[in-house]
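# Architecture and fold: a report
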Amino acid sequence: MNVELLEPDRERLWSELHDLARLSEADSAGWTRRVFSEPYRAARDWVRGRMRDAGLAVTTDPAGNIVGRLPGRHGGPPLVTGSHTDTVEGGGRFDGVVGVLGAIEVVRRLRETGTQLDHDLLVVDFLGEEVNPYSGSCLGSQAATGVLTADTLDRTGVDGKRLGDVATAFGLDPDGLLAPTWAMQRLHGYLELHIEQGPTLEQRGLDIGVVTAIVGIERFLATFIGRADHAGTRRMGDRRDALVAAAKAVLTVEREGCAGPDSAVATCGALRIEPGAENVVPGRALLAAEFRSEDQTWLSGVRRRVVDEIARHSAENGVELLVDWSADNPVVPTNPSVQNLAAAAADELGASWLAMPSGAGHDAAHLAARCPAGMIFVPSRDGRSHCPDEWTDAAQIATGVHLLAASLVRMDQQATVDTEFAGPR
Ligand code: HGY
Ligand code: MN
Ligand code: MN
């Protein structure tokens, strides 16, 4: 198989990417397509149409993932690729989208060149990869691989809504989120194309990142319960100011990240103050924070170190503290055989590449428990992502999609992608 022939149609891909970008909240800076939102519903219908036009048999699995199937010569455990089409609030046009539209383009090129794989190929738009207010990130891939539990459906967001009810309102069967569909079947292998969302590839002038590991992510939602008071009449020494306690917690989080290993980061991304009036001492504050690293030892110690300090500061301010921790995933190494195969395909195509970790979380972290899984990155301009300035050139995306095609062909040609894979057989 001359994989040069699988080169993507760059204009077609670029045009589709911008068609999808139109499906976003009208009044948002950048691009916003949050899970369970109407723009997200419209985008999923649009993706189903593109999958069908490309010749895929399209279903929605019980977990709410859109799955397009391209039959192979022999069937058997399917080869899987894909990513997500939901965005963060005020995000960009490329995060996740490149992996879904790129996979659909690979299918078109396989069919246009008369290339039939041995294995069925599944192209997946995973439900809700971005962090949602209820259960963390990677909702669809966690559901499909059996990570979620009935308790997950009872988790509520700061809006007070329950995940199970929100999923029902979106047209999903919440019990489907608990049906580990993919955990029930063997998969031949998984490969995801994604933008790097960091500066490394651009700074080094390289085409491709071959991902070696996906960082572990711990997150918390802390509730600080103080007492609302008149800002003019309550003496400073007699206050129970929830926001002061939360503000000290923000600095604790930052110190924890700065004191960690090179790969450690810590972020407070959301703060909600109640009642939020200029002349009222804040009675309640909700703070969302997350910690990431490739160093599992450091990450495993974060909860104890951080909670001790935040609890001490809250007590100093007479504020009650409730902390709800969740872990998106531990540090996940990608499969060495998939790494090697993607690197060999990059060499064959003449694409420069670098083996590198992912500081972002991805659906691949959950597929990796079910089959030999890996990821390939294309550069992000200035390393920017999760913002309107997120950008990757058409030519860079085309190189990534071409490599995705060539790598999937290599995975398909192997009877077993990794004979050492310790997961389910
Ligand atoms: O948060 C992340 O790393 C990913 O973009 N969901
Ligand atoms: Mn993503
Ligand atoms: Mn993202």
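In this text the structure is predicted, and so the values were computed from the model without any measurement.

What follows is about the packing of aromatic side chains. Taken as a whole, this structure holds 10 aromatic pairs when the rule is applied. Considering the side-chain rings of F36 and F170, the 5.4 Å spacing of their centres and the 70° angle between planes classify their relative orientation as edge-to-face. On the criterion of sequence distance, the pair formed by F36 in the loop between α1 (10-21) and α2 (38-53) and F170 in the loop between α6 (163-169) and β5 (189-195) is long-range, its members being 134 residues apart. By the burial criterion, F36 is buried, and F170 matches it. Members of the aromatic cluster, connected to one another through ring pairs, are W14, F94 and W391.

Right, let's get into the coordination of the manganese ion (ligand 3). Tetrahedral metal sites with four donors have an ideal angle of 109.5 degrees; octahedral sites with six donors have ideal angles of 90 or 180 degrees. Coordination sphere of the manganese ion (ligand 3), protein contribution only: D95 (OD), E130 (OE) and H386 (NE2), at 2.1 Å. Between consecutive donors of the manganese ion (ligand 3), the numbers of intervening residues give the motif D-x34-E-x255-H. Between the manganese ion (ligand 3) and the manganese ion (ligand 2) the interatomic distance amounts to 3.5 Å, and D95 serves as a bridging ligand to the pair. Here E130 is found in the loop between β4 (121-126) and α4 (139-144), whereas its partner H386 is found in the loop between β15 (373-378) and α12 (394-413), with 256 residues between them in sequence.

Attention now goes to the site of ligand 1. Around ligand 1, the surrounding shell consists of D95, E129, E130, R292, A360, G361 and H386. Between a nitrogen atom of ligand 1 and a side-chain N or O atom of E129, the distance comes to 2.9 Å. At 3.0 Å from a nitrogen atom of ligand 1 is found a side-chain nitrogen or oxygen belonging to E130. Within the complex, 94% of the 210 Å² of free accessible area of ligand 1 lies under protein. Here the residues of the shell around ligand 1 are counted per class, giving one nonpolar, two polar and four charged.

We now examine the packing of α1 against α12. Packing of α1 against α12 leaves a shortest axis separation of 10 Å and a crossing angle of 110°. It follows that α1 is roughly perpendicular to α12 by the angle criterion. Judged by residue contacts, R10, L13, W14 and L17 of α1 engage A394, A395, I397, A398 and V401 from α12. When the residues that make up the contact of α1 with α12 are grouped by side-chain class, the tally is eight nonpolar, no polar and one charged.

We now examine the domain arrangement of the protein. Reports often express the size of an interface as the amount of accessible area lost when the parts come together. You can read the domains of the protein as domain 1 (3-215 + 331-413) and domain 2 (216-329). One C-alpha centre belongs to domain 1, the other to domain 2, and the line joining them spans 33 Å. Contacts between the two partners involve 16 residues from domain 1 and, on the opposite side, 15 residues from domain 2. Summing both sides of the interface, domain 1 and domain 2 together bury roughly 1200 Å²; the carbon and sulfur share of this comes to 51%. Of all residues in domain 1, V158, V215 and V331 give up the largest surface area on contact with domain 2, accounting jointly for 46% of the area buried on that side. In this assembly, domain 1 and domain 2 are joined by six residue pairs in polar contact (both at pLDDT 80 or more). The class makeup of the residues in the side of domain 1 that touches domain 2 is nine nonpolar, six polar and one charged.

Applying the stated rule across the entire model yields 30 salt bridges. E112 is paired through a salt bridge with R12; the nearest N and O atoms lie 2.7 Å apart. Residue E112 is found in helix α3 (residues 97-112), and its partner R12 is found in helix α1; the two are separated by 100 residues along the sequence. For E112, a relative accessible area of 46% translates into the label partly exposed.

Turning to unusual backbone geometry, a few remarks are in order. Cis geometry marks the peptide bond from E274 to P275; its omega dihedral reads 5°. Assignment of secondary structure puts P275 in the loop between β9 (265-274) and β10 (280-281). Not every positive phi belongs to a glycine, and F36 is a case in point at roughly 70°. By relative accessible area, which is 13% here, F36 ends up buried. Its identity as a non-glycine residue notwithstanding, H386 has a phi of 55°, on the positive side.

Below, the discussion takes up the environment of V147. Within the secondary structure, V147 sits in the loop between α4 and α5 (150-154). Its relative accessible area of 42% is what places V147 among the partly exposed residues. Placed 33 residues apart in sequence, V147 and P180 show a C-alpha to C-alpha distance of 7.7 Å. Apart from residues lying up to four places away in sequence, V147 is in contact with Q142 and H366.

The next point concerns α2. A rise of 1.5 Å per residue sets the reference length of α2, with its 16 residues, at 22 Å; its end C-alpha atoms lie 23 Å apart and thus fit the reference within 8%. Against α1, β1 (57-60), β2 (66-70), α3 and β4 lie the buried residues of α2. The N-capping residue of α2, defined by a side-chain oxygen 3.2 Å from the backbone nitrogen of Y40, is S37. G55, located one to two residues past α2, shows a positive phi value of around 100°.

About the cut-offs
Residues numbered from 1 in each chain as written. Chains lettered and ligands numbered in written order. Predicted model: local features only at pLDDT ≥ 70, side-chain atom pairs only at ≥ 80, totals over all residues. Heavy atoms only, no water. Phe/Tyr/Trp six-rings, centres within 6.5 Å; stacked < 30°, edge-to-face > 60°. Helix = DSSP H or I, 4+ residues; strand = E, 2+ residues; numbered from the N terminus. Buried < 20%, exposed > 50% of the residue type's maximum accessible area, 1.4 Å probe, protein only. Donors = N, O, S within 2.8 Å, 3.2 Å for Na, K, Ca; no water. Near = heavy atom within 4 Å. Polar contact = N/O pair within 3.5 Å; in protein donor to acceptor, adjacent residues only side chain to side chain. Areas by Shrake-Rupley, 256 points an atom, 1.4 Å probe, with all protein chains shown as cover. Nonpolar A, V, L, I, M, F, W, Y, C, P; charged D, E, K, R; others polar. Axes fitted to C-alpha atoms, helices over the stretch in contact; angles between N-to-C directions. Parallel < 35°, antiparallel > 145°, perpendicular 65-115°, else oblique. Contact = heavy atoms within 4.5 Å. Domains from an automatic or database assignment. Buried area = accessible area lost by both parts, 1.4 Å probe. Salt bridge = Lys/Arg side-chain N within 4 Å of Asp/Glu carboxyl O. Expected span 1.5 Å × (residues − 1).

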